[in-house]
Amino acid sequence: MTMVDPIHDPQTASVPPAKPAAEPADIRSAAAPGNLTAGLEPLAQLAAQRQQILKALDGLSAVSGESAQRALARLSGELTSFEPAITVLGQVKSGKTALVNAMAGWSDLLPSDVNPWTSVVTSLHLSPDTARAETSARFQFMTEGEWDRLLTKGGRIGEMAGRAGAESELDKIREQIEAMRDRSRARLGRKFEMLMGQTHDYGYFDKNLIERYICLGDDFEDLEPDQADQGRFADITRSADLYLNSGMIPHALCLRDTPGVNDTFMMREQITIQALRDSRLCVVVLSAGQALTSVDLGLIRMIASLDAREVVIFVNRIDELQDPAQQVPEIEAAIRETLRDHHGPQEAEILFGSAYWANAALMGQLDNLPPASAAALLNWAEASVKAGTHQIAKGPAQDMVWQLSGLPALHRTLGEQILVGEGGATLARVATSALTVASGQEAAHAIRVQAQRGSTEGDAVHGLDTNTVRMTFEQLADQHMDALERALDEVLAAYRGRADRAHATFVDRATRALIEHLEQWGDQSVWEYDPAGLRLLLRTAYSVMSSRLQAAAEARYQAAVRDVAGLLHQGFGSAVEGVQLALPQVPDVAAPVALGQTIALDFNDGWWASWWRRTRGYRAFANQFRSLIEGETEDFMVQLKSVQVADTRAEFLARLQGFFDEQRDILAEITDAQDGDLRARFNNHTAEAQSKASRAAMLVLKTYATG
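Keep in mind it's a predicted model, so treat the numbers as computed, not measured. (Residues numbered from 1 in each chain as written. Predicted model: local features only at pLDDT ≥ 70, side-chain atom pairs only at ≥ 80, totals over all residues. Heavy atoms only, no water.)

**With respect to the packing of helix α11 (residues 355-363) against helix α13 (residues 397-404)**
At a minimum axis distance of 8 Å, the contact between α11 and α13 shows a crossing angle of 155°. With respect to each other, α11 and α13 are oriented roughly antiparallel. For the element pair α11 and α13, the recorded crossing hand is left-handed. Along its contact with α11, which presents Trp-357, Ala-358, Ala-361 and Leu-362, the element α13 presents Gln-398, Val-401, Trp-402 and Leu-404. For the contact of α11 with α13, the residue count by class is 7 nonpolar, 1 polar and no charged. (Axes fitted to C-alpha atoms, helices over the stretch in contact; angles between N-to-C directions. Helix = DSSP H or I, 4+ residues; strand = E, 2+ residues; numbered from the N terminus. Parallel < 35°, antiparallel > 145°, perpendicular 65-115°, else oblique. Left-handed = near helix turned anticlockwise from the far one by under 90°. Contact = heavy atoms within 4.5 Å. Nonpolar A, V, L, I, M, F, W, Y, C, P; charged D, E, K, R; others polar.)

If you want it as structure tokens, here you go:
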């Protein structure tokens, strides 16, 4: 259910006075640095390449028949809507929201003070277009199931505490939940449950609107009357989407700011994991002024399943260091060591900078830098010039500070990853498919020429009429789709069995280790067990599954291309020999980010000791431990075995279905060329012009196509 502008009375969806239509949500800055686009060159290159392909698609469409135009329109739509996403992770007070604001070029867009703080996944959809989107802001509320899980079980933390028998923790959680429930009812009324699962859309957004939906804080009870709406919906908001026009971004981009991973109830942990799974790039924000904490290790655990090329670590707040030149290398060495010791992405890019400096440059407030921050800036500037890490040219102070803030380096790193990764793959896939359409046009032209000459070579030699070709094609499509489904399901069934065996193996090993500990040390010495082994076993099973899925899909894709090519030749003879059938691009399998979900064994603190003290007897230890771990891992086992693989399976099937949709349109174009009425509409001059335009487009597409 979608409602429009339900500000004052969400239950009745009353509509407040609309904001002026001429007030778009453009990115603006009080005094932007002159080099604001520094580092965005890779994205500009991607935008230019995309525009070349779009122009080629338009050229093809102008000389194509109706069937080919449908295929080209699908490809053009896919390219136009392509929006790479970057998820930003970090704990509360790491400065990640301030960093997101700086990346967007709008320093005060999202609340970045320590209090209030961002409480939901907030996606900034940045567009270089000048046209204003109909919807500028969209807020999605939690479902009843998500809210009930928090209220009845205390979220993930409550579930773990309950299984571990940590009564003191449960008491604290119950108190906090009661306070949250009372606060929500006070803000939203007794019928606030009616909002569950709903969406609120707005044609504008401003600071007050954002704070109403996504901000939580400790002092909201003491707000002034004119601030009473602050955080009104924040307890139950699941996600927020803001749509912005940006003069600095050359290509559409989505930046996802996530709740701090030290969320009290971890109630949004799964939502954050979902956001990470939906992105191909992740920026992990660490604070330079503090050593890696257990929460930061949780971040590393969350990204451990990602390839190093998909992770960028940004060490923020170097403005708070006394001697950045000396401390930064030490911090980087410590991070590398931690990544190695905790199975993180060891080759991930590590960048250093200051969102505080970046936003000061954006706002033209460099004169207001505290003395310690100014001293750190000078120290970092001298070190950067000496090391040659920053090209700091003479110019306005804002430009130099923007460079030293690390934002251009971050933009460049992310842009290069997009260009050679997801962006390049998208361009190649579209260009390759468009080549097939273009070559189909050439074949249709050849058939028209044969028809004008009175040739019926295709039917006479091969004996297939167009109806038979079409029917055979549909049979082939059904057969290959069914065969791919069976092949994928066979791989997935084997994976689920292997994952279950890995899970059982871990529990058995851990239980044996527990018994050995009890036999040697008794129950007075607290026993710890690292769950990294379980994650490693499951990651291995997932990796094997990914390779087998891709191999099975590639084999089926190749078989489909061979059969369709054979059918075209059988039906139309030498006229279709130039048709370049594009082999569907085998999708990448999303990383198993669900493995990053927290379980009780990740807490080597009072919780585990509490569980230990409450258990007596070797058999009780073993039985309760097994129950505890099985309960703890049930959720991410479901995610790994069912939820995530279902998305993967659907994507593999969609690629093959897309191939047959394209071939169906091409087949229609070719068969229509044999129609007498269509033949009469084309003279030699028109056909020659079409062929010339088609060849020009193909030259462009071949530059980007794979194979």
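Next comes the rest of the write-up.
**Here's the deal with the nonpolar core**
Grouped together as the largest cluster of nonpolar side chains are 135 residues, with contacts concentrated most on Leu-124 and Val-283. With 17 residues, the single largest contributor to this core is helix α17 (residues 466-521). (Core = buried A, V, L, I, M, F, W, Y, C linked by side-chain atoms within 4.5 Å. Buried < 20%, exposed > 50% of the residue type's maximum accessible area, 1.4 Å probe, protein only.)

**A short note on the pattern of salt bridges**
Applying the stated rule across the entire model yields 17 salt bridges. A salt bridge links Arg-336 to Glu-332; its shortest N-O distance comes to 3.7 Å. Here the residue Arg-336 and the residue Glu-332 both occupy positions in helix α10 (residues 324-341), the gap between them amounting to 4 residues, near one helical turn. Here Arg-336 falls in the partly exposed class, since its relative accessible area comes to 25%. Ionic pairing is found between Arg-649 and Asp-489, a salt bridge with its closest N-O pair at 2.7 Å. In this pair, Arg-649 is assigned in helix α20 (residues 618-672) and Asp-489 in helix α17, connecting sequence segments 160 residues apart. Classification of Arg-649 as partly exposed rests on a relative accessible area of 23%. Assessed through its relative accessible area of 34%, Asp-489 is described here as partly exposed. A cluster of three or more residues bridged by salt bridges with shared partners is formed by Glu-66, Arg-70, Arg-74 and Asp-665. (Salt bridge = Lys/Arg side-chain N within 4 Å of Asp/Glu carboxyl O.)

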